[in-house]
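Here are the chains, one letter per residue:
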Amino acid sequence: MNAARKEVDRDEIHTRPKGMWRWHEMLPVQDPEYIVSLGEGDTSLLRIPRVGKEFGLADLWVKDESSNPTGSFKARGLCTAVSRAKELGLKKIIIPTAGNAGGAMAAYAARAGLQALIYMPKDTPSANIQESRIAGAQVILVEGLISDAAGMAEVKAREEGWFDLSTFKEPYRVEGKKIMGYELAEALNWTLPDVILYPTGGGTGLVGMWKAFAEMEALGWLEEPKRPRMVSVQAQGCAPIPKAFHAGAAFCDFWPGAQTVASGLRVPKSFADRIILANIRASNGTAVAVSDEALINAQKKLAAMEGIFAAPEGAACLAALEELIKQDWVKPDERIVLFNTGSGLKYLDPIARY
Ligand SMILES: *Cc1c(COP(=O)(O)O)cnc(C)c1O
């Protein structure tokens, strides 16, 4: 960071070719030769004025991550981790996943020429299974949830020497995801919004952005020191973070029988639960759980009123916002950014059941 403070000029970064690697000084790959890119990052920050008007909000935005390679923001983290794995000379990478992380890892592993092994629940959306297999990854479908997949991947990694890319068990994915925070600040002329709603599974995006805000403060890049209130959004069928947050707990309990159509949120206990909860509290934020029915309705609203076909996880943020409006937790003139973390097109089968 000290080197970055001296050498990097935020306004010069703006003039570089588009994409996440504009910010390479902030990322862990040392030699640009090892960067394995598919064109990730620099996603749109879109105003949603019609929904804003209906909700009585004047300054409402979506950071739309659906345009990333493999159709979700998981590309950012896996791009970074796979590039770094390549730089470190690793040949075999393994991941337990709720879906999109597996698809992203498979694509970047194919591009890097690395061998990929993926453990995912057998009821993961078929798009995730197919995108992984077509990219040449070996996919093992697991009875149970991501937590069960993680246990199996861990044993396999230890026994056969695979590099484990599980959320927060390696340091690189969170670095890739933090770039969302840099892009957001840059798009808002080096200010941050009042409120960010973020759909939380393992929590890399939330933790990563919070880290980016601290880095930008240390670099002196922000026009005002004000940080956003962070809202962690989960589904009622798997809501360990809201439960722990409202109970005043420092850790989450394992959520038994996790079930939601927002498969990226089906994480019964994040490895980084303590950090997620601490970051939400430090931001004066909150945590909200929404029903699957509410998030599916929000998905329809966002598509029909604004043309954004969000992943169920991203749509959950709009449903959570409706709750926060009822609680007077947000004010009409506040600048609010919802994160749409993926494309609705990856969920055609699961959402057809509604
Ligand atoms: C993985 C995932 C999430 C949760 O992201 P974390 O950073 O792990 O909390 C949200 N939305 C989608 C579409 C995902 O694939």
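Residues numbered from 1 in each chain as written. Predicted model: local features only at pLDDT ≥ 70, side-chain atom pairs only at ≥ 80, totals over all residues. Heavy atoms only, no water.

A. Up close: the sheet that holds strand S2 (residues 59-64). Pairing in this open sheet of six strands is mixed, and the strands run S1-S2-S10-S7-S8-S9 from one edge to the other. Either end of the sheet is taken by a strand with one partner, and the two such strands are strand S1 (44-47) and strand S9 (286-290). With strand direction ignored, the average angle separating the axes of adjacent strands in the sheet is 25°. Two elements, S1 and S2, share four bridges in a ladder whose sense is antiparallel. Residue pairing in the sheet places Arg-47 in a bridge with Trp-61 of S2. Running at roughly 135° to S9, helix H10 (residues 240-247) makes contact with strand S8 (229-235) and S9 of the sheet. (Pairing = 2+ DSSP bridges. Helix = DSSP H or I, 4+ residues; strand = E, 2+ residues; numbered from the N terminus. Axes fitted to C-alpha atoms, helices over the stretch in contact; angles between N-to-C directions. Contact = heavy atoms within 4.5 Å.)

B. Summary view of the packing of aromatic side chains. What the rule picks out here adds up to eight aromatic pairs. Plain terms: the ring middles of Trp-190 and Trp-221 are 5.5 Å apart, the flat faces sit at 80° to each other, and that makes the pair edge-to-face. A residue pair is termed long-range when its members are at least 10 positions apart, and Trp-190 in the loop between helix H8 (173-187) and strand S7 (195-199) and Trp-221 in the loop between helix H9 (204-219) and S8 qualify at 31 residues. Relative accessible area serves as the criterion here: at 6%, Trp-190 is assigned to the buried category. Through pairs of rings, three or more aromatic residues link up here, namely Trp-23, Tyr-182, Trp-190 and Trp-221. One Lys or Arg, Lys-177, reaches over the ring of Phe-73 and ends 3.8 Å from the middle of that ring. (Phe/Tyr/Trp six-rings, centres within 6.5 Å; stacked < 30°, edge-to-face > 60°. Buried < 20%, exposed > 50% of the residue type's maximum accessible area, 1.4 Å probe, protein only. Lys NZ or Arg CZ within 6 Å of the ring centre and 35° of its normal.)

C. Spotlight on the site of the ligand. Looking at the ligand, there are 16 residues lining it, with Lys-74, Tyr-198, Gly-201, Gly-203 and Thr-341 nearest. Out of a free accessible area of 380 Å², the ligand has 97% covered by protein chains. Mapped onto the shell around the ligand, the elements with two or more residues apiece are S7 and H9. Taken together, the residues of the shell around the ligand break down into four nonpolar, nine polar and three charged. (Near = heavy atom within 4 Å. Areas by Shrake-Rupley, 256 points an atom, 1.4 Å probe, with all protein chains shown as cover. Nonpolar A, V, L, I, M, F, W, Y, C, P; charged D, E, K, R; others polar.)

D. Just the domain arrangement of the chain, in detail. Along its sequence, the chain is organised into domain 1 (44-72 + 171-352) and domain 2 (74-164). Each of domain 1 and domain 2 has a C-alpha centre, and these two points are 24 Å apart. Each partner contributes to the interface: domain 1 provides 26 residues, whereas domain 2 provides 28 residues. Buried surface at the junction of domain 1 and domain 2, summed over both partners, amounts to about 2200 Å²; 56% is from carbon and sulfur atoms. One salt bridge connects Glu-131 with Lys-346, and the closest N-O pair in it is separated by 2.8 Å. Our count for the domain 1 to domain 2 interface comes out at ten residue pairs in polar contact (both at pLDDT 80 or more). In terms of residues, the side of domain 1 that touches domain 2 owes the most to one element, H8, which gives seven residues. (Domains from an automatic or database assignment. Buried area = accessible area lost by both parts, 1.4 Å probe. Salt bridge = Lys/Arg side-chain N within 4 Å of Asp/Glu carboxyl O. Polar contact = N/O pair within 3.5 Å; in protein donor to acceptor, adjacent residues only side chain to side chain.)

E. Examining the nonpolar core more closely. In terms of nonpolar packing, the biggest core is built from 70 residues, with Met-105, Tyr-182, Met-216 and Trp-221 touching the most fellow members. It is H9 that provides the largest number of residues to this core, a total of eight residues. Both domains that furnish three or more residues to this core are identified here as domain 1 (44-72 + 171-352) and domain 2 (74-164). Setting aside anything within four residues of it in sequence, one finds Trp-221 in contact with Val-8, Arg-10, Ile-13, Trp-23, Met-26, Tyr-182, Trp-190 and Met-216. Core analysis: the next-biggest nonpolar cluster, separate from the first, contains 35 residues, Phe-55, Val-261, Leu-295 and Cys-317 among them. (Core = buried A, V, L, I, M, F, W, Y, C linked by side-chain atoms within 4.5 Å.)

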